[in-house]
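Read off the chains here:
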Amino acid sequence: MSGKGSQEEILRLFRRKGGDYLSGEEISQGLGVSRTAVWKHIRQLRDQGYTIEAVPSKGYRLAEAPDRLLPAEIQAGLETQRIGREVVYFEETDSTNLRAHELGAGGYPDGTVIIADRQSAGKGRLGRRWASPEGVNLYTSVLLRPDILPFMAPQLTFLSAVAVARAIGEASGLQPRVKWPNDVLLSGKKVAGLLNEMHAETEGIHYVILGIGVNLNMRPEQFPGDLRYPATSVAIEKGSTVSRTGFARCLYREIDRLYERYLAEGVAPIIREWEGLCDLVGRQVEVDCQQRIIRGLVTGLDEDGALLVRTAEGTEERILAGDVRP
Ligand code: BTN
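Residues numbered from 1 in each chain as written. Predicted model: local features only at pLDDT ≥ 70, side-chain atom pairs only at ≥ 80, totals over all residues.

- The name an unreviewed UniProt entry gives the protein chain is Bifunctional ligase/repressor BirA, with Desulfuromonas versatilis as the organism.
- In its Function (unreviewed entry) section, the UniProt entry covering the protein chain states "Acts both as a biotin--[acetyl-CoA-carboxylase] ligase and a repressor." (UniProt positions renumbered as here; feature names shortened; annotations may be inferred.)

Here is the structure:
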């Protein structure tokens, strides 16, 4: 077993004890290693931020785990069928979406989760950057392999938006809203962004990546000065920090539930829930579609997730991409 594998095994043994002491002998037998090796692994776990108490006659006790989004921590309490059964963690990477493309091409299974503590080149929509400082937020990509046609892939943006809104609601007790096509808002300010990508051929999809960035514990001074929109974090709105690990588990559980439902029933129930979270329907908006600006009344979403806008001339426009302004 690798050093990392042994440490994950020790954490599993600690969890099984539920806060009780675990003797050095139990660990060395459980792992099939010497007592000196056990001591070395315990020291390395402490270096990673685990608080492990040692009492000579009793052994070791895990007093506190760091909020570090480590696979073992997330998987410990995960209530999912497929999402997060495989978790790939990076202390730092350029973009979790780029890593997800590699793992997708490498045959990683449906539901694989990629997480980074920080991103050096986090990707936002329309070639923008996604601010990704360390230790405070969640930057994750979920690799899915649904048996759907390429034109249906944008539907999954609504799945991730609803899952993120549910998880933020649970973590904060506040009521997040969604903004077409891929923002989640708290108090009218952007708290999360979604960047879905896919690899497909005309006849089918190889994989879809749900790229999700949630501002969890980011402080006001950590936001870039040149943002094009008002932004916030869950902690700013709630007034206290949230556990990143707990949030990640909750998010993966909601994605898992919605994904099972999507595979069984299609996108219609997800679109209905999304519409309930969105303030746009019935409002006059302006949509910047890069080549042209469309103004009119939002009448809803269609099954492909396109925004339906009735213009003053009475035509119904079906918009697949653009920036919406009230
Ligand atoms: C947006 O512009 O609103 C989309 C932002 C998406 C950011 C997330 S963070 C995790 C994943 N990896 C990336 O590089 N981007 C997405």
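After presenting the structure, the write-up continues.
**Focus on the site of the ligand**
At step 1: Taken together, 21 residues form the shell around the ligand, and within it Ser95, Gly124, Gly193, Gly211 and Gly213 come nearest.
At step 2: Among the elements of the structure, helix H5 (96-105), strand S5 (138-144), strand S8 (189-201) and strand S9 (204-214) are those that each provide at least two residues to the shell around the ligand.
At step 3: Each residue belonging to the shell around the ligand can be placed in one class, and the counts come to five nonpolar, twelve polar and four charged. (Near = placed C-beta within 6 Å. Helix = DSSP H or I, 4+ residues; strand = E, 2+ residues; numbered from the N terminus. Nonpolar A, V, L, I, M, F, W, Y, C, P; charged D, E, K, R; others polar.)

**Some words on the UniProt feature "DNA-binding region" (unreviewed entry) in the protein chain**
At step 1: Mapped onto this numbering, the UniProt entry gives "DNA-binding region" (unreviewed entry) at residues 24-43.
At step 2: Split by type, residues 24-43 is 85% helix and 0% strand. Its first and last C-alpha atoms lie 13 Å apart.

**Topic: the environment of Trp180**
At step 1: Within the element layout of this structure, Trp180 appears in the loop between strand S6 (177-179) and strand S7 (183-186).
At step 2: Through-space distance from the C-alpha of Trp180 to that of Glu286 is 12 Å; in sequence the pair is 106 residues apart.
At step 3: What Trp180 contacts, discounting residues up to four positions off in sequence, is Cys278, Leu280, Leu307 and Val324. (Contact = placed C-beta atoms within 7 Å.)

**Points about the packing of helix H1 (residues 3-17) against helix H2 (residues 24-31)**
At step 1: At a minimum axis separation of 10 Å, H1 and H2 run at an interaxial angle of 125°. When the axes of H1 and H2 are compared, the pair comes out oblique. The two elements H1 and H2 cross, and the hand of that crossing is right-handed. On H2, the residues that touch Ser6, Glu9, Ile10 and Leu13 of H1 are Ile27, Gly30 and Leu31.
At step 2: Its residues placed into classes, the contact of H1 with H2 shows four nonpolar, two polar and one charged. (Axes fitted to C-alpha atoms, helices over the stretch in contact; angles between N-to-C directions. Parallel < 35°, antiparallel > 145°, perpendicular 65-115°, else oblique. Left-handed = near helix turned anticlockwise from the far one by under 90°.)

**Quick word on the sheet that holds strand S10 (residues 284-288)**
To summarise the sheet geometry, strands pair through backbone hydrogen bonds and adopt either a parallel or an antiparallel arrangement.
At step 1: Sheet architecture is open: five strands sit in the order S13-S12-S11-S10-S14, paired in antiparallel fashion. The open sheet has two free edges, formed respectively by strand S13 (316-319) and strand S14 (323-325), since each of these has just one partner strand. Going across the sheet, the axis of each strand differs from the next one's by a mean of 45°, ignoring polarity.
At step 2: One ladder, built from four bridges, connects strand S12 (residues 307-310) with S13; its direction is antiparallel. Among the inter-strand pairings, Leu308 is bridged to a residue of S13, identified as Arg318. (Pairing = 2+ DSSP bridges.)

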